[in-house]
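# Descriptive analysis of the structure
What follows is the residue order along each chain.
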Amino acid sequence: MGVNDASHRIISDLLAQRTGQQLTESRRWRVSTALAGLFREFGIDNIDQLACLLERPGEHHLATKVVEALLNNETYFFRDHVYFTMLANQVLPDLARKRQGTKKLSIWSAGCSTGQEALSLAMLFCEQPGRWQDWQIDIIGTDVSGKAISTAKTGCYTQFEIQRGISVAQMLNFFSETPRGWQASDRICSMTRFQQQSVLDFPPMPGRFDLVLCRNVLLYFDPATRRTAFDRLASATAPDGYLMLGAGETVVGQTERFESSEWGSSIYRPTSIATRVTPLPQAIAAR
């Protein structure tokens, strides 16, 4: 193994230990680009020099910066709009019938990045006031990236971010322009809350969620870690609730905890298998 390969292994192992994500060959090309800001900050030129810095004692802060830089926080409002149309017209009305007695819904946006997915869900509810009047809607967003969660908690977005995925009418209806950026209104912020957490950790609250969204997160895990993630998601989903995955993700051949629903390949329901907890992979448990 050459010096450069050894350096990439140090970076890859760090990412896996902190997040469970694998830095596969298909993602290796973007490492130098993702870390370019750190190269400038520390006055270094390449991965080898960064690896040497990481090997020094007491470099926990630098390690955190490296992990944050490598995480893919790509997101935007109503990402893959057809999914939100399905939620608004099929999944959420079904849950409304099931929860008519309590008029309470709990939703988990796992891997929420900077919060646009959770706020998009809140906008869906606001746009159907007749159906959701007097309901208690609780949307919690979690992400392994502390930097992303800090942004989500502010609810404030740049001009570029606010223009991605929402109409001008939605922008003016749910956000207000401030010197810091476009600030989400209390109407949607009151439904949402955010915390830093990995999908591999135990679920963020006791009980079960009526709907869990975990889109484009499992792609970065190896099969064993992905099974653990599915176990975590299953333990957090109500027996009659739903899990939504990304377009490139599936439960088929990955887990027995979920099965397909009547709404296509991205919406799943828990199976009848009893809830059980699978131990975390050793590297994740030790972080």
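Scope of this entry: the structure provided in the associated data block. (Residues numbered from 1 in each chain as written. Predicted model: local features only at pLDDT ≥ 70, side-chain atom pairs only at ≥ 80, totals over all residues. Heavy atoms only, no water.)

### A short note on unusual backbone geometry
The phi dihedral of D80 is positive, around 55°, even though this residue is not glycine. If you trace the backbone, D80 turns up in the loop between α6 (60–70) and α7 (81–98). Since its relative accessible area comes to 29%, D80 is described here as partly exposed. One non-glycine residue, N216, lies in the positive phi region at around 60°. Along the chain, the position of N216 falls in the loop between β7 (209–214) and α14 (223–236). (Helix = DSSP H or I, 4+ residues; strand = E, 2+ residues; numbered from the N terminus. Buried < 20%, exposed > 50% of the residue type's maximum accessible area, 1.4 Å probe, protein only.)

### A few points about the packing of α7 against helix α8 (residues 116–126)
Two elements in contact, α7 and α8, have axes separated by 11 Å at closest approach and are oriented at 50°. As judged from the angle between their axes, α7 and α8 are oblique. Crossing hand, α7 versus α8: right-handed. Contacts between α7 and α8 pair F84, L87, A88 and L92 from the former with E117, S120, L121, L124 and F125 from the latter. Its residues assigned to classes, the contact of α7 with α8 comprises 7 nonpolar, 1 polar and 1 charged. (Axes fitted to C-alpha atoms, helices over the stretch in contact; angles between N-to-C directions. Parallel < 35°, antiparallel > 145°, perpendicular 65-115°, else oblique. Left-handed = near helix turned anticlockwise from the far one by under 90°. Contact = heavy atoms within 4.5 Å. Nonpolar A, V, L, I, M, F, W, Y, C, P; charged D, E, K, R; others polar.)

### Considering the environment of R232
Position of R232 among the secondary structure elements: in helix α14. Accessibility expressed as a relative area gives 2% for R232, which makes it buried. The sequence separation of R232 and L200 amounts to 32 residues, and the corresponding C-alpha distance is 6.5 Å.

### Some thoughts on the sheet that holds strand β1 (residues 104–110)
Spatial strand order, β6-β2-β1-β7-β8-β10-β9: 7 strands in an open sheet with mixed pairing. Only two strands of the sheet have a single partner each, and these edge strands are β6 (192–196) and β9 (258–261). Adjacent strand axes in the sheet meet at a mean angle of 25° when their direction is disregarded. Bridging between β9 and strand β10 (residues 264–270) involves 4 bridges; their strand directions are antiparallel. Residue E259 lies in a different strand from β10, and its bridge partner there is R269. (Pairing = 2+ DSSP bridges.)

### Section: the side chain of D94
You can see D94 is positioned in helix α7. A relative accessible area of 12% means that D94 is categorised as buried. When near neighbours in sequence (up to four residues on either side) are disregarded, D94 contacts Y242 and W263.

### Side note on the environment of M244
The topology assignment puts M244 in strand β8 (residues 237–245). For M244, a relative accessible area of 0% corresponds to the buried category. Considering only alpha carbons, one finds M244 and R269, 25 residues apart in sequence, at a separation of 9.0 Å. Those residues in contact with M244 that lie beyond four places of it in its chain are Y83, L87, V212, L213, C214, R215, S266 and I267.

### Observations concerning the pattern of salt bridges
This model, assessed by the stated rule, comprises 12 salt bridges. D231 is paired through a salt bridge with R257; the nearest N and O atoms lie 2.9 Å apart. Placement of D231 in helix α14 and of R257 in the loop between β8 and β9 is noted, with a sequence separation of 26 residues between them. For R257, a relative accessible area of 3% translates into the label buried. For the salt bridge of R269 with E262, the shortest nitrogen-to-oxygen distance reads 2.2 Å. By sharing partners, the salt bridges in this structure join D80, E117 and R215 into a single network. (Salt bridge = Lys/Arg side-chain N within 4 Å of Asp/Glu carboxyl O.)

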